[in-house]
Amino acid sequence: MTTAASRIAHWSIRHPWWAIGLWLAFVATAVVVGGSVETRQVTESEVAVGESGRAAEYIESAEFDDPATDNVLISPEGGWDAATAEEAAADVGSRLAAMDEVAGVGEPVPSPVSDALLVPITLNAEPDEADALIEPIHEEVAAVNTAYPDLRIESVGSTSIGYGIDQTVNEDLGNAGMLSLPITLGVLLVVFGALVAAGVPLVLGFSAVAAATGLWALASQVIPDIGSVPQLILLFGLAVGVDYSLFYLKREREERQRGHGTVDAVRIAAATSGRAVVVSALTTLVALAGLYLSGDAIFRALGTGVMIVVGVAMVGSLTVLPALLVKFGRAMDRPRIPLLWRLTATRAHGEPRLWPRLLAPAFRAPRTTAVVVIGVLVALAVPALGMNMKSPTTDDLPRSIPAVAAYDRMVEAYPSEGDVHEVVVRAPADSADAVAASLAELHKNVQDDPLFATGPEPAVTTSLDGSVSILDLGFAYSADDPRAERSLEQLRDTLVPAALASVPDADYAVTGNVALTNDYTSQQVERLPWIIGFVVVLTVGMMALTFRSVVVAGVAGALALLSVSAAYGVLTLVFQHGFAADLLGMNATGRIVDWVPLFLFVILLGLSMDYHVYVVSRIREAAVSGLDIRAAVRAGTARTAGVVTSAAAVMVAVFSIFATLSMVEMQQLGIGLAAAIAIDATLVRLFLLPSLMTVLGRANWWPGGLRPVEQREPERASVTVGA
């Protein structure tokens with residue numbers, strides 16, 4: 001594969017205008033085609049697992065007359081006057097009833113526990129189409145609120161909450177994209193000291209994101225989106241695009257400083273750093289492929305989206321990147337930023353000035369350095385032993401979303417309107433009466449149970465053909481409360497089987513937010529060790545094949561596991577124990593979102609291998625040239641330290657932006673990735689890796705030895721670059 005990749009890169013070097021033109025055509029085609037296809041969203045039956053998954057299948061197998069609904073909550077802002085509240089309810093009801101978007105408005109329902117009125121509304125749309133209708137309803141409700149300053153009149157319900165989440169995510173994504181550009185450019189200017197050199201990685205990163213986003217729209221027709229894949233494509237596309245560009249640009253600049261012409265410098269960069277990019281990208285793709293073993297729609301979507309953008313960035317690094325380097329030539333170092341340019345200067349023979357001094361401890365006392373660094377990493381990882389994983393619930397949503405804040409007030413005033421358990425029953429239509437009687441009896445049995453909070457009448461919805469019925473049973477606690485889980489267990493273990501024993505031909509299942517969380521987390525805990533084992537074996541195997549060394553591969557796997565474990569510890573400290581959460585502006589929910597640890601593991605294993613391949617390739621290159629092992633490790637690490645830390649700085653900056661987003665899963669992903677990359681690029685690559693390789697000596701290359709595996713530097717030649 002790497003030989004074929006090298007041939008592609010050399011073709012691009014010889015035909016740069018063709019390579020640039022074809023890349024632009026590819027990106028434009030992907031954007032246009034992707035824009036013409038609507039991204040398919042995952043259904044509940046595709047994402048749910050276990051008993052919750054069965055319930056979703058039952059529901060989707062039948063047709064319900066189930067239009068989208070919402071509510072208007074009227075509560076005191078200052079004083080409470082019942083007559084004024086009823087007047088406001090009549091006003092909002094008449095306004096909404098006159099709207100085309102609204103199919104009907106119910107009678108105001110007074111709160112059983114406080115001063116409040118709830119006006120139910122039915123929309124003229126199915127639930128998955130309601131977002132397009134809700135905004136004018138919000139505007140009308142806001143107009144009524146202005147007329148009654150002593151009342152708080154607000155939209156609340158599943159439709160308003162879903163719309164608020166979508167708006168927040170889109171706004172966050174736009175802000176993240178706007179922030180990432182100047183921050184990344186600023187870091188790259190510090191790295192290169194020249195505007196063109198700083199701009200080329202951004203060109204590759206953003207063009208890869210644009211193409212991958214378009215391709216994802218097509219891929220979602222087979223593997224549906226879960227709502228956050230475009231965010232991850234932006235997050236990882238920019239990171240790996242810049243990462244791969246840095247490997248190339250630093251090596252090309254180094255070779256020019258050694259006296260090579262532009263074409264030869266790019267050819268050497270393609271044969272060395274380009275090879276490292278391909279191996280790194282393939283390793284990341286292999287690691288991501290392990291997510292398919294989960295059998296889970298979330299991981300299939302996340303893994304596929306990131307695989308697409310990593311693959312596109314790799315192709316760009318083989319085609320348009322060397323072409324751009326050839327066409328810009330020495331203009332890559334123009335225009336220079338005077339102070340920054342002097343800071344990035346290196347000696348003519350390419351030896352860095354700063355890094356040998358910083359790396360000195362790893363070579364003066366390699367055993368002591370290794371022990372100290374491993375101790376620090378283990379200490380960071382210890383909190384992860386108590387990691388508590390749960391799916392996100394309504395309690396985890398940001399209260400900056402108006403409908404979510406209103407939801408808290410609604411649940412306080414109407415306990416039965418909060419989260420519910422859904423008892424789903426599928427039976428032949430001629431058993432519909434028996435099912436209805438059983439569900440009514442079940443509702444009656446839980447009315448006096450303190451674990452539940454139900455209305456006076458059973459809330460039953462039946463499909464048009466009478467084959468599926470759903471009973472909603474509220475509970476008196478938040479979805480995170482252990483008592484909510486106990487109420488679910490009571491339903492599943494005793495109450496529902498007993499109630500439906502008289503309907504022998506009925507299939508039943510209990511779902512709802514609590515059930516979804518429990519079922520999903522249980523599956524992840526069960527499958528996590530197998531997926532981790534598969535991914536580790538495959539990635540370590542690729543390292544062994546790449547370097548023909550079991551030792552290099554084993555060290556790579558061990559160091560990656562240490563980095564990931566330390567990141568898990570940081571994640572647990574911040575989000576579960578609340579350490580520095582307020583300082584960082586994080587939402588400490590007391591648990592980790594259940595899909596985050598596995599996804600982090602796979603991504604971080606791939607990204608860690610990026611650095612490992614790049615550093616070890618340079619060390620091996622130095623050893624093959626005749627240096628003794630200690631000198632080769634010192635030379636290879638010193639020559640790559642600046643590139644690795646620069647790439648890590650860009651990644652940490654980008655990931656940190658995503659840690660500032662509103663949704664807790666994005667915060668956790670951003671903090672986990674930023675912490676792991678920072679740890680891996682500093683403690684692991686600058687100190688632990690060189691100290692271990694120094695201690696191991698020639699054993700590093702067992703059993704393959706030091707026979708050259710990289711393409712050797714081409715002879716200096718005059719190469720005519722054509723279109």
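In this report, we go over the structure that sits alongside the text.

## Notes on the sheet that holds strand 8 (residues 459-462)
The pairing of strands in a sheet comes from backbone hydrogen bonds and takes either a parallel or an antiparallel form. Here four strands make up an open sheet; going across it, the order is 8-9-7-10 and the pairing antiparallel. Strand pairing shows two members of the sheet lacking a second neighbour, strand 8 and strand 10 (507-512), which therefore form its edges. Each strand of the sheet is rotated relative to its neighbour by a mean of 20 degrees, with strand direction disregarded. As judged from the seven bridges shared by strand 7 (residues 420-426) and strand 9 (residues 468-474), these two strands associate in the antiparallel manner. Following the sheet pairing, Glu 422 is matched in strand 9 by Asp 472. Across the face of the sheet, helix 20 (residues 482-499) comes into contact with strand 7, strand 9 and strand 10 while running at roughly 170 degrees to strand 10. Relative to strand 10, helix 21 (residues 513-547) is tilted by about 95 degrees, and along the sheet it contacts strand 7 and strand 10.

## Thoughts on the nonpolar core
Membership of the largest hydrophobic core comes to 182 residues, with the highest contact counts inside it found for Phe 236, Tyr 248, Trp 595, Phe 599, Phe 655 and Leu 669. Element by element, the count of residues in this core is highest for helix 24 (residues 596-624), at 19 residues. Beyond its immediate chain neighbours, meaning those up to four positions away, Phe 236 contacts Gly 241, Val 306, Val 309, Phe 599, Ile 603, Phe 655 and Leu 673.

## With respect to helix 7 (residues 158-192)
Over its 35 residues, helix 7 runs 50 Å from end to end, which matches the ideal 51 Å to within 8%, given 1.5 Å per residue. Just downstream of helix 7 lies Gly 193, where phi reads positive at about 70 degrees.

## A few points about the packing of helix 17 (residues 366-381) against helix 22 (residues 550-576)
At a closest axis distance of 6 Å, the pairing of helix 17 and helix 22 adopts a crossing angle of 40 degrees. In terms of orientation, helix 17 and helix 22 fall into the oblique class. Pair helix 17 / helix 22 crosses with left-handed handedness. Every residue of helix 22 that contacts helix 17 at Ile 374, Leu 377, Val 378, Leu 380 and Ala 381 is listed here: Leu 562, Ser 565, Ala 566, Gly 569 and Val 570. Residue classes in the contact of helix 17 with helix 22 are distributed as eight nonpolar, two polar and no charged.

## Things to note about the environment of Thr 319
Relative to the helices and strands, Thr 319 is located in the loop between helix 12 (297-318) and helix 13 (320-328). By relative accessible area, Thr 319 is classed as buried at 16%. Sequence spacing of Thr 319 and Asp 519 is 200 residues, and the spatial spacing of their C-alpha atoms is 45 Å.

## Some points on a negative patch on the surface
On the surface, a cluster of negative charge is made up of Glu 63, Asp 65, Asp 66, Glu 126, Asp 128, Glu 129 and Asp 465. Residue position: Glu 63 is located in the loop between helix 4 (50-60) and strand 1 (69-76). A residue is classified by how much of its surface remains accessible, and Glu 63, at 57% relative accessible area, is exposed.

## Overview of the pattern of salt bridges
Within this structure, the stated rule accounts for 22 salt bridges. Notably, a salt bridge pairs Arg 95 with Asp 91, separated by 3.2 Å at the nearest N-O pair. Linking Arg 95 with Asp 91, this pair stays in helix 5 (residues 82-97), spanning four residues, or about one helical turn. Given the relative accessible area of 31%, Arg 95 is considered partly exposed. In this structure, Arg 618 and Glu 254 form a salt bridge, with 2.9 Å as the shortest nitrogen-oxygen distance. Of this pair, Arg 618 sits in helix 24 while Glu 254 sits in helix 9 (residues 229-257), and the two are 364 residues apart along the sequence. For the pair formed by Arg 618 and Glu 254, the shared burial category is buried. If you follow the salt bridges from partner to partner, you end up with Arg 251, Glu 254, Glu 255, Arg 258, Arg 618 and Glu 621 in one network.

Analysis parameters
Residues numbered from 1 in each chain as written. Predicted model: local features only at pLDDT ≥ 70, side-chain atom pairs only at ≥ 80, totals over all residues. Heavy atoms only, no water. Pairing = 2+ DSSP bridges. Helix = DSSP H or I, 4+ residues; strand = E, 2+ residues; numbered from the N terminus. Axes fitted to C-alpha atoms, helices over the stretch in contact; angles between N-to-C directions. Contact = heavy atoms within 4.5 Å. Core = buried A, V, L, I, M, F, W, Y, C linked by side-chain atoms within 4.5 Å. Buried < 20%, exposed > 50% of the residue type's maximum accessible area, 1.4 Å probe, protein only. Expected span 1.5 Å × (residues − 1). Parallel < 35°, antiparallel > 145°, perpendicular 65-115°, else oblique. Left-handed = near helix turned anticlockwise from the far one by under 90°. Nonpolar A, V, L, I, M, F, W, Y, C, P; charged D, E, K, R; others polar. Patch = residues over 30% accessible without salt bridge, like charges linked within 9 Å, V, L, I, M, F, W, Y side chains within 5 Å. Areas by Shrake-Rupley, 256 points an atom, 1.4 Å probe, with all protein chains shown as cover. Salt bridge = Lys/Arg side-chain N within 4 Å of Asp/Glu carboxyl O. Lys, Arg positive; Asp, Glu negative; His and termini not counted. Charge placed at Lys NZ, Arg CZ, Asp CG, Glu CD.

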